[in-house]
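Letter by letter, the chains look like this.
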Amino acid sequence: MDLDETDLAIVRGLQSDGRLTYETLAQQVGLSRPATRMRVQRLQESGAVRVVAIVHPAVRRLTASAHLAIDTDGASAAVAREIATLPQAPFVTLTSGRRSIMAELRTAGFADLERTIEHIRGLKGVRTVDPLVATRHVKDPYLLADEPTVALQDATDERILAELEEDGRLPFAELAGRVGLSAGATRARTLRLLDGGVAKVVALVRPDVLGMGYLCGFGLRVDGAVAPLAERVARFERVTFLSTCLGRAEMVGTITAESFAAVRDTLEEMRALSAVRSVESWLHLELVKERYDLGPRTA
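A short tour of the structure in this document, coming up. (Residues numbered from 1 in each chain as written. Predicted model: local features only at pLDDT ≥ 70, side-chain atom pairs only at ≥ 80, totals over all residues. Heavy atoms only, no water.)

With respect to the overall build of the protein
Okay, so step 1: On a plain count of helices and strands, the protein comes out with ten helices and ten strands.
Okay, so step 2: Relative to the globule expectation of 19 Å for 299 residues, the C-alpha radius of gyration of the protein, 20 Å, shows essentially globular dimensions.
Okay, so step 3: Dimensions of the protein, computed from the C-alpha atoms along their principal axes, are close to 55 × 45 × 40 Å.
Okay, so step 4: The buried share among the 299 residues of the protein stands at 50%.
Okay, so step 5: Within the protein, counting contacts between residues at least 6 apart in sequence, those at least 24 apart form 74% of the total.
Okay, so step 6: Accessible area for the protein stands at about 13,900 Å²; split by element, carbon and sulfur atoms hold 52% of it. (Helix = DSSP H or I, 4+ residues; strand = E, 2+ residues; numbered from the N terminus. Rg over C-alpha atoms; globule rule 2.2 N^0.38 Å. Buried < 20%, exposed > 50% of the residue type's maximum accessible area, 1.4 Å probe, protein only. Contact = heavy atoms within 4.5 Å. Areas by Shrake-Rupley, 256 points an atom, 1.4 Å probe, with all protein chains shown as cover.)

Details of the side chain of Thr190
Okay, so step 1: Structurally, Thr190 is set in helix H8 (residues 183–195).
Okay, so step 2: Within the structure, the side chain of Thr190 is placed 2.8 Å from the backbone oxygen of Thr186, a separation counted as a polar contact.
Okay, so step 3: Excluding residues that lie within four positions of it along the chain, Thr190 makes contacts with Ile160, Leu164, Phe172 and Leu175. (Polar contact = N/O pair within 3.5 Å; in protein donor to acceptor, adjacent residues only side chain to side chain.)

Some thoughts on the packing of aromatic side chains
Okay, so step 1: Scanning the entire structure with this criterion turns up one aromatic pair.
Okay, so step 2: Both rings, one in Tyr214 and one in Phe260, keep their centres 4.7 Å apart while their planes meet at 65°; by these two values the pair is edge-to-face. Here Tyr214, found in strand E7 (residues 214–222), pairs with Phe260, found in helix H10 (residues 260–271); they are 46 residues apart in sequence, far enough to count as distant.
Okay, so step 3: With relative accessibility at 31%, the residue Tyr214 sits in the partly exposed group.
Okay, so step 4: The ring of Phe172 is capped by Arg19, whose NZ or CZ atom sits 4.7 Å from the centre of that ring. (Phe/Tyr/Trp six-rings, centres within 6.5 Å; stacked < 30°, edge-to-face > 60°. Lys NZ or Arg CZ within 6 Å of the ring centre and 35° of its normal.)

Details of the side chain of Thr107
Okay, so step 1: Its place among the elements puts Thr107 in strand E4 (residues 101–107).
Okay, so step 2: In this structure Thr107 comes out as buried when scored by relative accessible area, which is 0%.
Okay, so step 3: Looking at Thr107, its side chain comes within polar contact range of the main-chain nitrogen of Leu113, at 3.3 Å.
Okay, so step 4: Beyond its immediate stretch of four places on either side in the chain, Thr107 contacts Arg61, Leu62, Thr63, Ala64, Gln88, Asp112, Leu113 and Thr116.

Some points on the sheet that holds E4
Okay, so step 1: Read once around its circumference, the closed barrel built from eight strands follows the order E2-E4-E3-E10-E7-E9-E8-E5, with strand pairing classed as antiparallel. The average angle at which neighbouring strand axes cross in this sheet is 35°, direction not considered.
Okay, so step 2: Strand direction decides the pairing type here: E7 and strand E9 (residues 251–257), joined by seven bridges, are antiparallel. Opposite Leu215, over in E9, you have Thr256 as the bridge partner.
Okay, so step 3: Most of the contacts of helix H4 (residues 77–84) go to strand E3 (residues 91–95), to which it runs at about 170°, and overall it touches strand E2 (64–72), E3, E4, strand E5 (126–139) and strand E10 (276–290). (Pairing = 2+ DSSP bridges. Axes fitted to C-alpha atoms, helices over the stretch in contact; angles between N-to-C directions.)

Here is the structure:
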């Protein structure tokens, strides 16, 4: 869909705080409240924007993650879609380059990570799985960096999070009806969870909607200390995701750009860094799954 400047201003507002009131959004973009509400609903109904709660990984006990490069025997699309059904796989793409599928896993510990990788290796059509085990998420638009300062109190808190993971803009009155509390009590509990860093409500926006429809993955081999170089690469404007890792590369990340030329320029910037030994890159041709609201986890 085509977005005008007002739509883009609304999207930017929701990216900073997915629960901004229609009144606040209206003031920010210079529209009436009804007009702003109509635009937000149109953006959501089109599928261009989803506003959801992202729960801190520690709350879901998602303490391990990996990035998988996968080869297949024959066509890859059906295999990618089967991997996308796994709750442990929030991100799955069909790609160019040496591997035909890239997938990210987030699991409740390394034992679950190992089991999930072995399950994927056993899928029909999978030839090889080459994992990079993440050691630190340096830059991630959907990851809450700081540890939560409050804990879940009971099953009602869990229900509130589950509802917001489906629709981050649910009004408190409607949310209250779903969880069986008064609107006031629901508001207090929700704000406690959000202010305490248990979750944040954000707008998930398709990159092409923002004119940034070119996604390129990359892996870096480096000489010397990884951490200082990772911080430097994370400051690149078009690098939207970056992890340090163990495996065939010391870093893996994503470039989100407005053109192939911009992708090329960013890769060239990386190659120019003296500590970078080699750069492997691939284009994300089809985003099969991107869903970081992973829902409640059991032990």
